[in-house]
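Summary of structural features
Read off the chains here:
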Amino acid sequence: HKFLNLLLLPMFMIIENGLVDLLSNPTYAFVYKRKILFGLIISAVADILILHDFMVGLVLFALVHMLYISALGFKPLKPALGLVCLLIQSGFSIFFLNHFTDKLLQIAAPLYGLLLLCMVWRACSKLDYNVLRVLLALGKPINSLFSLQQ
């Protein structure tokens, strides 16, 4: 089911924008869409490969996140938001170092997490301040649900 969605999204982008424009149009909008399209295609491949070779799948997903970060760009920068993401990642890194016995995973998991939170930073930096306040407010009840399950 998930794999089908990963195939349908690139197909939708190709139908909506035209394959020639997606692959060759130099405007910012199409460069952005091209990076997202390649990310979606690589995600589909990574979903298959991660079942057979976890590290290969992880590397491909890392590449996808780098494509998405590149597509999102670094304007506006919003360094305070980036610092918050970095502090969150520091907590995750400590968790990974203490809970994984595999040395490769002790290194790979925090690096992958850093990419994920960098992507979150870049995506959130595009949001309006009021949208960020709503997302942060939503985090409180969601966090409460997870703490109830423990």
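Computed from a predicted structure; not experimentally measured.

Conventions we followed
Residues numbered from 1 in each chain as written. Predicted model: local features only at pLDDT ≥ 70, side-chain atom pairs only at ≥ 80, totals over all residues. Heavy atoms only, no water. Helix = DSSP H or I, 4+ residues; strand = E, 2+ residues; numbered from the N terminus. Buried < 20%, exposed > 50% of the residue type's maximum accessible area, 1.4 Å probe, protein only. Contact = heavy atoms within 4.5 Å. Areas by Shrake-Rupley, 256 points an atom, 1.4 Å probe, with all protein chains shown as cover. Axes fitted to C-alpha atoms, helices over the stretch in contact; angles between N-to-C directions. Parallel < 35°, antiparallel > 145°, perpendicular 65-115°, else oblique. Left-handed = near helix turned anticlockwise from the far one by under 90°. Nonpolar A, V, L, I, M, F, W, Y, C, P; charged D, E, K, R; others polar. Disulfide = S-S within 2.5 Å. pLDDT = per-residue confidence, 0-100.

Regarding the overall build of the chain
Looking only at helices and strands, the chain has seven helices and zero strands in total. Going residue by residue from the N terminus, the α and β elements of the chain occur as α-α-α-α-α-α-α. Across the 150 residues in the chain, those meeting the buried criterion constitute 32%. For the chain, contacts bridging at least 24 residues in sequence account for 65% of all contacts bridging at least 6. Roughly 10,200 Å² of accessible area belongs to the chain as shown, and the carbon and sulfur atoms make up 76% of that amount.

Quick notes on the packing of helix 5 (residues 79-99) against helix 6 (residues 103-125)
Remark: helix 5 packs on helix 6, axes separated minimally by 9 Å, with the N-to-C direction vectors making an angle of 160°. Here helix 6 runs roughly antiparallel to helix 5, going by the angle between their axes. Read as a crossing pair, helix 5 and helix 6 show a hand that is right-handed. Between helix 5 and helix 6, the residues in contact are Leu-81, Gly-82, Cys-85, Leu-86, Ile-88, Gln-89, Phe-92, Ser-93, Phe-96 and Leu-97 and Gln-106, Ala-109, Pro-110, Gly-113, Leu-114, Leu-117, Val-120, Trp-121, Cys-124 and Ser-125, respectively. By residue class, the composition of the contact of helix 5 with helix 6 is 14 nonpolar, six polar and no charged.

A closer look at the state of the cysteines
For the structure shown, the criterion picks out zero disulfides. Cys-118 carries a free sulfur, and the closest cysteine sulfur to it, the one in Cys-85, is 8.3 Å from it. Distance from the sulfur of Cys-124, which forms no disulfide, to the nearest cysteine sulfur (Cys-85) is 6.4 Å. With relative accessibility at 17%, the residue Cys-124 sits in the buried group.

Focus: the confidence of the model for the chain
Across the chain, pLDDT averages 84, with 83% of residues at or above 70. Put simply, helix 7 (residues 129-148) is where the chain has its lowest mean pLDDT, 58, and helix 4 (residues 54-72) is where it has its highest, 95. Across residues 144-150, where pLDDT falls below 50, the model places zero contacts with residues more than four positions away in sequence or in other chains.

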